[in-house]
Every structure is written in C-alpha cells, then in structure tokens.
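What the coordinates show
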Amino acid sequence: MNPFEQKSINLLGSFQNWKGLYPKSYDKQEVDPYTKTRIILMNGTEFEANWFSHNFARHITDNDLRRELSVTRSIEKQQQIKISLLKPSNESALEHTISYEQLAVDLTAELAKRESDCYVKKALDFALLEDFDHLYRYSNLLEMEQGLQAERLVGRYTEIMPARPTISHHRFNKDNVKRNIDSKVADKQTVLNTMIITAAEQQTMNYYMNITNLATNDLSRKLYMEIAQVEEEHVTQYESLMDSSASWLEMLLWHEYCECYLYWSCFVTETDAYIKALWEENLEIEISHLHKAAELLEKYGGKHWQEVIPDGEFPAPISLHENIEYVRNILDTTVQYTGLLEDYVNVNELPSDANFFQYQKIINPSIEIVPSHLVIDAHIRGFGKDYRFEVAPNPIKELRNRTLDNTSVGRVPYTANSTDFFCNFFKGNK
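Residues numbered from 1 in each chain as written. Predicted model: local features only at pLDDT ≥ 70, side-chain atom pairs only at ≥ 80, totals over all residues. Heavy atoms only, no water.

A count of helical and extended segments in the chain gives 13 helices and two strands. On C-alpha atoms alone, the chain measures out to a radius of gyration of 22 Å, which is about the 22 Å that the 2.2 N^0.38 rule sets for 430 residues. Reported as C-alpha extents along the three principal axes, the dimensions of the chain are approximately 60 × 45 × 40 Å. A buried classification covers 60% of the 430 residues belonging to the chain. When contacts within the chain are restricted to residue pairs at least 6 apart in sequence, long-range pairs at least 24 apart make up 84% of them. (Helix = DSSP H or I, 4+ residues; strand = E, 2+ residues; numbered from the N terminus. Rg over C-alpha atoms; globule rule 2.2 N^0.38 Å. Buried < 20%, exposed > 50% of the residue type's maximum accessible area, 1.4 Å probe, protein only. Contact = heavy atoms within 4.5 Å.)

See the structure below:
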C-alpha cells in the first residue's frame with residue numbers, strides 16, 4: 001500500500017464530539033495480549049506525533065505554519081486520548097505494566113529480526129534483554145501484590161525469566177548516545193524502526209515517570225523509580241539513532257508516514273473486530289495528515305515528498321507475536337555486554353576506571369538498596385523461589401537459581417560467557 005496514492009479526507013471532518021471520543025474499553029479477561037500491546041504502541045505513537053509537533057512549533061516563527069501544525073496536532077491529541085481510553089478502568093497500573101513490557105520485548109524482537117543495518121540491530125538487541133528483565137521484575141511484584149501470574153496476561157507467548165539483571169542496566173548516560181542514521185541513504189525499514197522504537201520506549205518512560213508516585217507501597221514506588229531511569233537510558237539510545245540532519249518539515253513527513261504504516265500494520269494484524277475498525281478509522285485520518293505534511297513540505301520547504309521518501313509503498317506490516325527462540329538466542333550470546341560511547345563491549349574488556357564501573361559505585365553502592373533486587377529477594381522470602389514462566393532452563397546457567405537473585409551478570413567481569421552480537425544470521429529471519 002502507498003498512502004500517498006490514497007484519497008485524503010477533509011481535516012475538519014476528522015474531529016469527533018465527546019461521545020465519539022469515548023470508546024468501548026476492552027474486556028481484560030478476554031482481550032488478546034497483542035491487542036493490548038498494539039493499543040499501547042499506538043498510544044505512544046500518537047503521543048510522539050503530538051509532542052514532535054509542539055516542539056516543531058516552538059522552533060519556528062511563521063504563524064501560518066504554526067496554525068497548520070496546530071490543527072493536525074489537535075486531531076492527533078484526540079486520537080491519542082481515545083486510544084488510551086481503550087484500557088478499562090478495572091485493569092490495574094501494574095497489570096497494564098506487564099503489557100508495556102511485553103510490547104517492549106516482542107516489538108523490539110520483531111524490529112531487530114527485520115533490521116538490515118547491523119548497527120541499529122545491535123542497539124535493538126542490546127535493549128531487548130533489559131526490557132525482558134524488567135518484565136521478570138514486574139511479574140514478581142504482580143504476584144506478590146495482587147496474586148496474579150503474569151503468564152496469563154502475556155498469553156504464554158512471552159517467557160518471564162531473568163536476563164541481564166536490572167542492576168546492570170545503570171550506565172553513565174554518555175555511554176547511551178549512539179550514531180545517527182541518514183534517512184537519505186538508509187533503508188526505509190531502518191528509518192521506520194528507529195522512529196517506532198523511540199516512540200514506544202518514550203511512551204514507556206513517560207508512563208513509569210507519571211505513575212511512580214501513584215503506586216500504593218514503597219517497594220512498588222521504588223521499582224518504578226529505578227526502571228523509569230533505565231527507560232530514560234533507552235530513549236537516549238534510540239533517539240540518537242534517528243536522523244538528526246533532516247529538517248523539521250522532512251521529519252514531519254516521516255512522522256506522518258510512520259503513523260500511517262503502523263495503523264495499517266495494526267489494521268491488517270488485529271483480531272478484535274471493534275478495535276480493527278478503530279485502526280482503519282485512524283489510518284484514514286493519518287493519510288489526510290500525511291497529505292497535509294506533503295503539502296507543507298512543498299510550500300515551506302520547496303521539496304516534493306518523493307525527495308524525502310522516494311518510494312511510498314509500505315514495507316511488510318509490523319506483526320506482534322511470540323519471539324521466544326529469538327530472545328533466548330540474544331540472551332545466550334550478549335548478556336555480558338554494556339554500552340561504551342557509540343558501541344557495546346563485553347564488561348570483561350572494560351578498564352577498571354571505565355565510566356560504567358564508576359557510575360555503578362555511585363548509584364548502586366550496596367546491593368541491599370537496589371529496588372529491582374529487593375523485589376526478587378522479597379518474592380523468594382515469601383514464596384520460597386522467584387516467579388517465572390519458562391519453556392526450558394534459562395540459557396545462562398548463572399541465572400537458573402530460583403532461590404537467589406543474581407546481581408553480577410552483565411555488571412561484574414567474568415561472571416557469564418557471551419560471544420558477541422550477530423547481524424541477521426538468526427535462522428528465523430526472513
């Protein structure tokens with residue numbers, strides 16, 4: 001599908017009244033896990049579109065262009081709030097958090113498996129293990145707090161077990177800034193991947209930052225506090241991959257194209273008829289936004305859309321599904337890695353005065369104050385072992401002990417074996 005060739009609807013006709021803006025929420029007992037993750041993905045995508053437009057408006061002086069942006073932006077806001085209200089009121093923040101982390105795992109794996117740029121794929125695989133470990137930490141908290149087993153919430157499509165321990169995720173943020181791609185020469189899927197993952201991780205970061213103080217006990221508040229900081233690292237990593245040389249108008253076009261692509265992907269993969277219709281409705285709206293962005297690019301930037309996106313045909317749709325074998329492969333080969341400026345390195349190879357070790361001493365002076373460790377320790381003391389959902393033993397033998405939380409892997413040299421990152425040699429790739 002090429003959205004530039006589709007008919008555009010009138011922008012004013014996209015506005016909805018209050019009744020139309022309030023959707024029917026899904027039934028948390030019946031909904032497919034990947035329907036929930038698609039909702040979270042598109043909520044984050046609309047948030048990114050809205051705030052990109054706000055920042056665009058703050059960096060220009062032409063009020064005619066500002067007014068054009070404001071109209072589209074207000075529609076994006078309506079789309080975002082309607083999507084967010086698909087979550088039912090009886091679904092707790094912690095239950096919803098499990099879906100956030102399932103999205104992070106399976107979306108990242110899906111993008112990595114189709115990524116042709118080895119450098120971008122390495123970034124995706126690196127953060128994948130960290131979100132996978134977050135899912136494990138929150139799942140243990142969920143069973144302690146609400147007596148719920150997260151395997152039911154993820155539909156047993158996504159394993160729940162330790163990966164690179166969350167304590168090992170804390171890096172000096174200079175080591176999270178990576179090299180940006182050039183959208184003029186990069187593969188279209190690569191450009192889309194960097195935008196999609198940045199929006200998704202930004203949404204997760206914002207969610208955790210805003211609900212941390214609403215958690216009902218100290219342990220929950222502390223875990224959200226810690227993982228929110230890791231999500232800041234992830235957003236720093238992913239946003240640095242995006243093309244920072246493109247103009248505001250060029251990136252506006254890419255944002256709208258990306259939204260069209262994601263709504264189309266959701267539409268063709270959705271299993272819930274009601275929500276499928278919402279994805280189709282939003283796709284039509286986004287096509288009109290894309291045409292408006294192309295019009296603004298030509299009027300204010302002097303460029304035709306094909307000078308920015310030469311081929312408007314969509315890549316294959318993003319499909320959210322289980323990625324157990326892929327995640328296990330990444331865990332087995334890269335758990336002992338950390339960031340080092342623009343690259344990644346095995347902690348075994350870091351000098352003793354590396355920023356990573358210095359920062360670890362500052363933020364983790366004692367294991368006993370690290371929330372992610374305290375959650376697992378509390379679960380072990382209360383239940384006799386940690387909570388997991390595994391289809392086979394953990395690929396890392398140091399992470400198999402269910403009565404002791406490992407806080408050394410990925411953080412202390414020579415505590416696990418890792419080979420290296422690989423570039424699309426996974427047998428499941430197409």
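With that out of the way, let us pick up the confidence of the model for the chain. On average, the chain scores 96 in pLDDT, and the residues at 70 or more come to 98%. Every residue in residues 425–430 is under pLDDT 50, and counting partners more than four places away or in other chains gives seven contacts. (pLDDT = per-residue confidence, 0-100.)

Tracing the backbone through its elements, the reader meets arginine 38 in helix α2 (residues 33–57). Residue classification places arginine 38 among the buried residues on the basis of a relative accessible area of 4%.

The phi angle at arginine 156 is positive, at roughly 60 degrees, despite the residue not being glycine. With respect to the helices, strands and loops of the structure, arginine 156 is situated in the loop between α6 (150–153) and α7 (188–211). Of the residues examined, arginine 156 reaches a relative accessible area of 47% and is grouped as partly exposed. Residue leucine 341 is not a glycine yet carries a positive backbone phi of 50 degrees. On the secondary structure map, leucine 341 appears in the loop between β1 (337–340) and β2 (343–346).

Core analysis: the largest hydrophobic core is formed by 111 residues, its most contacted members being Leu107, Ile196, Leu253 and Trp254. Here this core gets 14 residues from one element, more than from any other, and that element is helix α5 (residues 118–146). Non-local contacts of leucine 107, meaning those with residues more than four positions away in its chain, are made with Leu41, Ile196, Ile197, Ala200, Ile318 and Leu320. Counting six residues, the second-largest nonpolar core is a separate cluster that includes Leu350, Ala354, Phe356 and Phe357. (Core = buried A, V, L, I, M, F, W, Y, C linked by side-chain atoms within 4.5 Å.)

Looking now at the pattern of salt bridges. Summed over the entire model, instances satisfying the criterion amount to 24 salt bridges. A salt bridge links lysine 36 to glutamate 91, with the shortest nitrogen-to-oxygen separation between them at 3.7 Å. Remark: glutamate 91 occurs in the loop between α3 (63–84) and α4 (93–114) and lysine 36 occurs in helix α2; sequence separation between them is 55 residues. Considered together, lysine 36 and glutamate 91 belong to a single accessibility category, that of buried residues. Across the pair arginine 137 and aspartate 133 runs a salt bridge whose closest N-O atoms are separated by 2.9 Å. On the criterion of helical spacing, the pair formed by arginine 137 and aspartate 133 is a turn pair, its members being four residues apart in helix α5. For the pair arginine 137 and aspartate 133, one class covers both residues: buried. (Salt bridge = Lys/Arg side-chain N within 4 Å of Asp/Glu carboxyl O.)

Moving on, we come to helix α11 (residues 324–334). One turn of the α-helix equals 3.6 residues, which is why residues spaced by three or four share an orientation. Among the 11 residues of α11, eight are classified as buried, and the element is accordingly described as predominantly covered. By the burial criterion, the buried members of α11 are Ile324, Tyr326, Val327, Arg328, Ile330, Leu331, Thr333 and Thr334. Considering only its buried residues, α11 is in contact with α4, α5 and β1.

This part is about the pairing of β2. Sheet analysis places β1 next to β2, joined by four bridges and oriented antiparallel. The residue of β2 that forms the bridge with glycine 339 is tyrosine 344. The antiparallel pairing of β1 with β2 creates a hairpin that spans two residues between the two strands, and leucine 341 there sits at a positive phi of about 50 degrees. (Pairing = 2+ DSSP bridges.)

Before going further, it helps to examine the packing of aromatic side chains. Taken as a whole and assessed by the stated rule, the structure comprises 24 aromatic pairs. Ring geometry for phenylalanine 4 versus tryptophan 305: centroids 3.6 Å apart, planes at 5 degrees, classification stacked. A residue pair is termed long-range when its members are at least 10 positions apart, and phenylalanine 4 in the segment before α1 (18–21) and tryptophan 305 in the loop between α10 (273–301) and α11 qualify at 301 residues. Ring centres of phenylalanine 56 and tryptophan 248 lie 5.3 Å apart, and the angle between their planes is 20 degrees; on these two criteria the pair is classed as stacked. Separated by 192 residues along the polypeptide, phenylalanine 56 in helix α2 and tryptophan 248 in helix α9 (residues 248–269) bring together distant segments of the chain. The exposure class of phenylalanine 56 is buried, given its relative accessible area of 1%. (Phe/Tyr/Trp six-rings, centres within 6.5 Å; stacked < 30°, edge-to-face > 60°.)

This part takes up the state of the cysteines. Any covalent bond linking the sulfur atoms of two cysteines counts as a disulfide. Tallied over the full model, the rule gives one disulfide. Bridging cysteine 118 to cysteine 423, the disulfide has an S-S length of 2.0 Å. Torsion about the S-S bond of the cysteine 118 and cysteine 423 cystine: about -85 degrees, corresponding to left-handed handedness. Taken together, the residues span a long stretch of sequence, with cysteine 118 in helix α5 and cysteine 423 in the segment after α13 (371–383) at a distance of 305 residues. The class for cysteine 423 is buried, based on a relative accessible area of 17%. Here cysteine 266 stays unpaired: no disulfide links it, and the sulfur of cysteine 258, its closest cysteine neighbor, is 11 Å away. A residue is classified by how much of its surface remains accessible, and cysteine 266, at 4% relative accessible area, is buried. (Disulfide = S-S within 2.5 Å.)

Position of asparagine 323 among the secondary structure elements: in the loop between α10 and α11. C-alpha separation for the pair asparagine 323 and tyrosine 157, spaced 166 residues apart in sequence, amounts to 7.7 Å. Ignoring anything within four residues of it in the chain, the contact list for asparagine 323 reads Asp106, Ala109, Glu110, Lys113 and Tyr157. Here aspartate 106 takes part through its side chain, which lies 3.1 Å from a polar atom of the side chain of asparagine 323. (Polar contact = N/O pair within 3.5 Å; in protein donor to acceptor, adjacent residues only side chain to side chain.)

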